[in-house]
Amino acid sequence: MPTVNLIGGWLGILAGVMFGAVIGLFFHDENWLGGYASFPRRLVRLAHVAFFGLGFLNLAFAATARDLALPDADYRIASWALIAGAIAMPACCLAAAWRKPLRHLFPIPVACVLAGLLSILIGWWTR
């Protein structure tokens, strides 16, 4: 199972680099997406950071999963929840940048990452 998080983590970092390269083409335009402080531009930057941050979180889980010695159920929940969060967070950022009311979707990736982290901590504590 850590292989899923290992691959997911590196793919998230790759997505962050590729996404950064694309949006970097437009940063010279002060008015791009409504200007530097605009809601859409802030969310696009947040999506860029989310690719990296959650990619690194998946790598950290993959690197430490064996040492955590989690019960199988906690292990599976943590693994898939962290992958889901790494996909859902940038997607929600970009969706909300596109249509502001879609910001109400943010509890989905937050719940995924929270479920993953709680599964790790509770499984580690109770082992």
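As the structure is a prediction and not an experimental result, all values here were calculated from the model.

1. What about a nonpolar patch on the surface?
Judged by side-chain polarity, Ile7, Leu11, Leu14, Val17 and Met18 come together as a nonpolar surface patch covering roughly 480 Å² of accessible area. On the secondary structure map, isoleucine 7 appears in helix α1 (residues 2-24).

2. Some points on the packing of helix α3 (residues 72-98) against helix α4 (residues 107-126)
Between α3 and α4, the least distance of the axes is 7 Å, while the angle of their chain directions is 155°. One element, α3, and the other, α4, form an angle in the roughly antiparallel class. For the pair α3 and α4, the sense of crossing is left-handed. Contact residues: α3 offers Asp74, Ile77, Ala78, Ala81, Leu82, Ala84, Gly85, Ala88, Met89 and Cys92, while α4 offers Pro109, Val110, Cys112, Val113, Ala115, Gly116, Ser119, Ile120 and Gly123. Within the contact of α3 with α4, the residues separate by chemical class into 14 nonpolar, four polar and one charged.

3. Some thoughts on the environment of glycine 53
For glycine 53, the position within the fold is in helix α2 (residues 39-68). Each C-alpha atom of the pair glycine 53 and isoleucine 13 lies 8.2 Å from the other, and the pair is 40 residues apart in sequence.

Criteria and thresholds
- Residues numbered from 1 in each chain as written.
- Predicted model: local features only at pLDDT ≥ 70, side-chain atom pairs only at ≥ 80, totals over all residues.
- Heavy atoms only, no water.
- Patch = residues over 30% accessible without salt bridge, like charges linked within 9 Å, V, L, I, M, F, W, Y side chains within 5 Å.
- Areas by Shrake-Rupley, 256 points an atom, 1.4 Å probe, with all protein chains shown as cover.
- Salt bridge = Lys/Arg side-chain N within 4 Å of Asp/Glu carboxyl O.
- Helix = DSSP H or I, 4+ residues; strand = E, 2+ residues; numbered from the N terminus.
- Axes fitted to C-alpha atoms, helices over the stretch in contact; angles between N-to-C directions.
- Parallel < 35°, antiparallel > 145°, perpendicular 65-115°, else oblique.
- Left-handed = near helix turned anticlockwise from the far one by under 90°.
- Contact = heavy atoms within 4.5 Å.
- Nonpolar A, V, L, I, M, F, W, Y, C, P; charged D, E, K, R; others polar.

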